[in-house]
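Overview (structure and organization)
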Amino acid sequence: MAGKRIYLSPPHMTGNEKKYINEAFESNWVAPLGPNVDRFEKELASYVGLEDAVAVSSGTAAIHLSLVLLGIKPEDKVFCSTLTFVATANPIIYMGATPVFIDSEPETWNISPQALLRALREAEKNNALPKAVIVVNLYGQSAKMKEIMEICENYNIPVIEDSAESLGSSYLGKKSGTFGKFGIYSFNGNKIITTSGGGMLVSKDIDALKEARNLAAQARDPVPYYLHSKIGYNYRMSNILAGIGRAQLANLDQRIEEKRDVFNRYKDELSNIEGIDFLPELQNTISNRWLTVAAINKEKLKIQPAQIIEALEEENIEARHIWKPLHTQPIFKGYEYYTHSEGCSVSEKLFDCGICLPSGSCMTVSEQDRVIDILKLKLK
Ligand SMILES: *Cc1c(COP(=O)(O)O)cnc(C)c1O
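Calculation rules
Along every chain, residues carry numbers that run from 1 in the direction the sequence is written. Where local features are concerned, this predicted model is filtered to residues with pLDDT of at least 70; where side-chain atom pairs are given and counted, the filter is 80 or more; whole-chain, interface and lining totals use all residues. Neither water nor hydrogens contribute to the side-chain values; these are computed over all heavy atoms in the structure. Elements are defined by DSSP. Helices are runs of H or I of four residues or more, strands are runs of E of two residues or more, and each kind is numbered from the N terminus. Every radius of gyration here is taken over C-alpha atoms, with the globule rule written as 2.2 Å times N^0.38, N being the number of residues. Think of it in three bands: with a 1.4 Å probe and only protein chains considered, a residue is buried below 20% of the maximum accessible area for its type, exposed above 50%, and partly exposed in between. Only heavy atoms matter for contacts: two residues are in contact if any of them lie within 4.5 Å across the pair. With residues, only the protein chains shown are counted as cover, and all accessible areas are computed by Shrake-Rupley using a 1.4 Å probe. We define a salt bridge as a side-chain nitrogen of Lys or Arg found within 4 Å of a carboxyl oxygen belonging to Asp or Glu. Strand pairing is assigned whenever DSSP detects at least two bridges linking the two strands. For the purposes of this description, domain bounds are those given by an automatic or database domain assignment. Any pair of N or O atoms that falls within 3.5 Å is considered a polar contact. Within protein, one atom must be able to donate a hydrogen and the other to accept it, and sequence-neighbouring residues count only if both atoms are side-chain atoms. Residues are sorted three ways: Asp, Glu, Lys and Arg are charged, Ala, Val, Leu, Ile, Met, Phe, Trp, Tyr, Cys and Pro are nonpolar, and all the rest, Gly among them, are polar.

What follows concerns the overall build of the chain. Counting its secondary structure elements, the chain contains 13 helices and 15 strands. Relative to its length of 380 residues, the chain is compact, with a C-alpha radius of gyration of 21 Å against a globular reference of 21 Å. When its C-alpha atoms are laid out on the principal axes, the chain stretches across 70 × 60 × 35 Å. Classification of the 380 residues of the chain by burial places 56% in the buried group. The contacts in the chain between residues at least 6 apart in sequence include a share of 72% that link residues at least 24 apart. When the accessible surface of the chain is summed, it comes to about 16,600 Å², and 50% of that surface belongs to carbon and sulfur atoms.

Moving on: the pattern of salt bridges. In the structure shown here, the tally under the stated rule is 19 salt bridges. Note that Lys-77 is salt-bridged to Glu-336, the shortest N-O span being 2.8 Å. Of this pair, Lys-77 sits in strand β2 (residues 77–81) while Glu-336 sits in the loop between β13 (320–321) and β14 (337–338), and the two are 259 residues apart along the sequence. What you see here is one network of salt bridges that share partners, running through Glu-41, Lys-42, Asp-52, Arg-213 and Arg-236.

The next point concerns the pairing of strand β1 (residues 53–56). Here β1 shows no split at all, with Ala-53 and Ala-55 on one side and Val-54 and Val-56 on the other all buried. With four bridges joining them, β1 and strand β9 (residues 199–202) adopt antiparallel strand pairing. Its bridge partner being in β9, Val-56 is matched across the sheet by Gly-199.

You will see that Asn-28, though not glycine, has its phi angle at about 60°, which is positive. For Gln-218, which is not a glycine, the phi torsion comes out positive at approximately 70°. By secondary structure assignment, the location of Gln-218 is in the loop between α7 (206–215) and α8 (239–250).

What follows concerns the domain arrangement of the chain. The domain architecture assigned to the chain consists of domain 1 (17–250) and domain 2 (252–379). Counting from both sides, the interface comprises 51 residues of domain 1 and, opposite them, 41 residues of domain 2. In this assembly, domain 1 and domain 2 are joined by one salt bridge. Where domain 1 touches domain 2, the interface holds 29 residue pairs in polar contact (both at pLDDT 80 or more). Mapped onto the side of domain 1 that touches domain 2, the elements with two or more residues apiece are β2, α4 (90–94), β3 (98–102), α5 (113–125), β6 (170–171) and α8. Among the residues forming the side of domain 1 that touches domain 2, the class breakdown is 24 nonpolar, 18 polar and nine charged.

Okay, structure coming up:
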């Protein structure tokens, strides 16, 4: 009989969450505002080295608000990493705008600076430059932000950093999510820290965050009665959930250590097998290693990611395919797509050979051994 289920990345509570939840109950701050929300915002902002942040109901809501704040209109284009979760691009559609998908580069699996540059040059020629670029930092690994920011600054196009998966990671000594005009984090149940569901919007632009706070609370004008001169949203985070977030955030650095330990054990045990390549860590970056991901050489190992996932599932272990590139999704059929180089779609190749291994920060060594033993058996 298979052992206890091993999940991909389950929530990992510290025990202190209840203290903050109780405080909220005792003070009757059971609302989408309150002291836990205020403090969670300040604590997260300070953790990533910024002054302020806005706690919202999801990472997706934070991306949506960034696009609203940038004034994206239905006739606008927004460039977006293709290799990512669908939530990165859906808000472009909410705005009625048009996504243009950009391929990955092989080193970080994130947006390819050369594909981005090619797309921008062509857009410039056609007088159709995008109003924003959404850059994703996949699985904790930062994209090549220096190159990307240089390119985008040259064209004067704001960057939204989808750091839903890279909270706590750093790039050239700065926290992931703080490079663009806006950064967003997610506290969904499977992320490195969770509020069960929630998100955060960050920026250096304090006025924009003030505006975000208003938009996320139905955009009420500052008068003593209910006056509305713009469309708002109900996107604020609950004071109860922010309490969970505060306790989780206090343990984030420890979670990163644990995730990195998980990654290193996989790598130590398996990287001598020819044909398995773990997502490298870009120089001068520290990845939170949210998920351990690897590329499987199907010819060498004579096995497909799907077969590995199935073999693990038989032993009650959850593994997954990597994100399916958005330009290959039925909902995004027909939108423009720029490959890394002529005729070479890196993201499609990665999808074909990529696998996410269980990477819970609470996974025990013996649980991880169960996974490793099956992989050794299947990959020889
Ligand atoms: C999880 C995730 C999101 C969405 O966050 P939610 O809080 O679930 O809305 C967006 N982008 C990426 C890359 C994600 O992994």
